[in-house]
Amino acid sequence: MALRFPILVTGGAGFIGSHACKALSQAGYLPVTVDNLSTGHADAVKWGPLVNADVRDQTALCRTIREHDVEAVIHFAASAYVGESMTRPAFYYDNNAGGMIALINACISTGVKQIVFSSSCATYGIPAGGPIRETTPQAPINPYGRSKLMCEEMLRDCSSGHGLRFAALRYFNAAGADPEGELCERHDPETHLLPLALQAASGQRGPLQVFGTDYCTRDGSCERDYIHVSDLARGHVLAADYLAAGGPSTALNLGSGTGHTVFEVLAAIQRVTGAPVPHELVGRRPGDPPSLTADAELAAKTLGFRTEHSGLDQIISDAAPSFGLADARKARHGRHAAE
Ligand code: UDP
């Protein structure tokens, strides 16, 4: 396949960034990762060069862009723990908003015009209910969400003032792992439901705490829209294609459009792996909206994006091996086939 062009990927050593690098490479782009490895993993950078630098280091960004003839950037590098953002807000604004402005300035001074930005459904805060559209008012309730909204606003201003074009991709809950087993989810500390529940099911940690059982949802636990990380990765490739083809700046939800409650996730883990998830019921986690699900139609219309791997069972099946669990349904199927 002919090389399309090099793309700078900030945070390409992280969970979503590394999956995006694989998808970019499969689509013919050369992903050039800039990552300070503060939370990412060098061994996840397999599809292009790794430059060990901080995203706030504008000189390093400009040097990398020039050295590799970069024509577009995808910006993942950021701090992404909602709880931590409440206790270290200054750090979140420095890293997330500071990283964004350093990258925008690097783009302006090197002539790069296309930016795909990793935004979040956390920019919506606690919406009124029902699937969230891109026109739903953005009213974040924590410094993490506010820092992402600030980045979107910087991009909006700079696209009219400096002729940049951007796609802000507002993710719902990224989960799962590369179906071919080349990458997985590794956070330290881990705070996300799926990896924590798989660790509890495999005995790597004690019971999972279910945060809140009195929400106004089907079963009282929080509802989220889980999207397979490989689908998310492909969404970035489509966004890069869209900007390369001259598409105007846009903001798009990337979600599956389907919500699952915490209890539904625990039941699915048992169904898929055969292992029950030991859990205990505790109070609500501050700042958790009851229900977040995407209206995914605009991304479908704008990018032709549809999820292919985001059924809850497949997300769990692909994530399970890195937690020492297997898809028990496949094992059963294999036994039947051998009989
Ligand atoms: N959750 C939970 N126990 C945990 C971690 C998460 O009950 O140990 C719940 C949390 O309240 C939320 C959902 O699982 O409703 C997803 O949380 P996660 O931290 O994975 O993602 P978030 O939606 O906060 O970005």
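That block above? That's the structure.
**A closer look at the side chain of Glu223**
Next, step 1: Following the sequence through the fold, Glu223 ends up in strand E9 (residues 223-224).
Next, step 2: Under the relative-accessibility criterion, Glu223 is labelled buried at 13%.
Next, step 3: Within the structure, Glu223 has its side chain in polar contact with the side chain of Ser291 (distance 2.6 Å).
Next, step 4: Apart from the residues lying within four places of it in its own chain, the contact partners of Glu223 are Thr217, Arg218, Gly259, His260, Thr261, Pro290, Ser291, Leu292 and Thr293.

**Looking at the layout of surface pockets**
Next, step 1: The space that makes up the second largest pocket amounts to roughly 240 Å³.
Next, step 2: Lining the second largest pocket are 14 residues, with Lys22, Ala23, Gln26, Asp178 and Ser230 sitting closest to its centre.
Next, step 3: Counting residues per element, the ones that place at least two in the lining of the second largest pocket are helix H1 (15-26) and helix H7 (229-244).
Next, step 4: Split by residue class, the lining of the second largest pocket holds five nonpolar, four polar and five charged.

**Re the environment of Gln138**
Next, step 1: Relative to the elements of secondary structure, Gln138 occurs in the loop between strand E5 (114-120) and helix H5 (143-162).
Next, step 2: In this structure the C-alpha to C-alpha distance between Gln138 and Thr213, which are 75 residues apart in sequence, comes to 26 Å.
Next, step 3: Other than its neighbours up to four places away in sequence, Gln138 contacts Thr123, Tyr124, Leu149, Glu152, Arg156 and Arg170.
Next, step 4: One polar contact links Gln138 to Arg170, side chain to side chain, over a distance of 3.3 Å.

**Remarks on the site of the ligand**
Next, step 1: Close to the ligand lie 15 residues; Leu193, Gln209, Cys222, Arg224 and Asp288 are nearest.
Next, step 2: Within the backbone of Gln209, a nitrogen or oxygen atom sits 2.7 Å from a nitrogen atom of the ligand.
Next, step 3: Measuring from an oxygen atom of the ligand, one finds a side-chain N or O atom of Asp288 at 2.5 Å.
Next, step 4: Within the complex, 88% of the 510 Å² of free accessible area of the ligand lies under protein.

Calculation notes
Residues numbered from 1 in each chain as written. Predicted model: local features only at pLDDT ≥ 70, side-chain atom pairs only at ≥ 80, totals over all residues. Heavy atoms only, no water. Helix = DSSP H or I, 4+ residues; strand = E, 2+ residues; numbered from the N terminus. Buried < 20%, exposed > 50% of the residue type's maximum accessible area, 1.4 Å probe, protein only. Polar contact = N/O pair within 3.5 Å; in protein donor to acceptor, adjacent residues only side chain to side chain. Contact = heavy atoms within 4.5 Å. 1 Å grid on protein atoms, 1.4 Å probe; cavity = no way out; pocket = protein on both sides within 12 Å on 5 of 7 lines; lining within 4 Å. Points joined across faces, edges and corners; volume = space filled by probe spheres on them. Nonpolar A, V, L, I, M, F, W, Y, C, P; charged D, E, K, R; others polar. Near = heavy atom within 4 Å. Areas by Shrake-Rupley, 256 points an atom, 1.4 Å probe, with all protein chains shown as cover.

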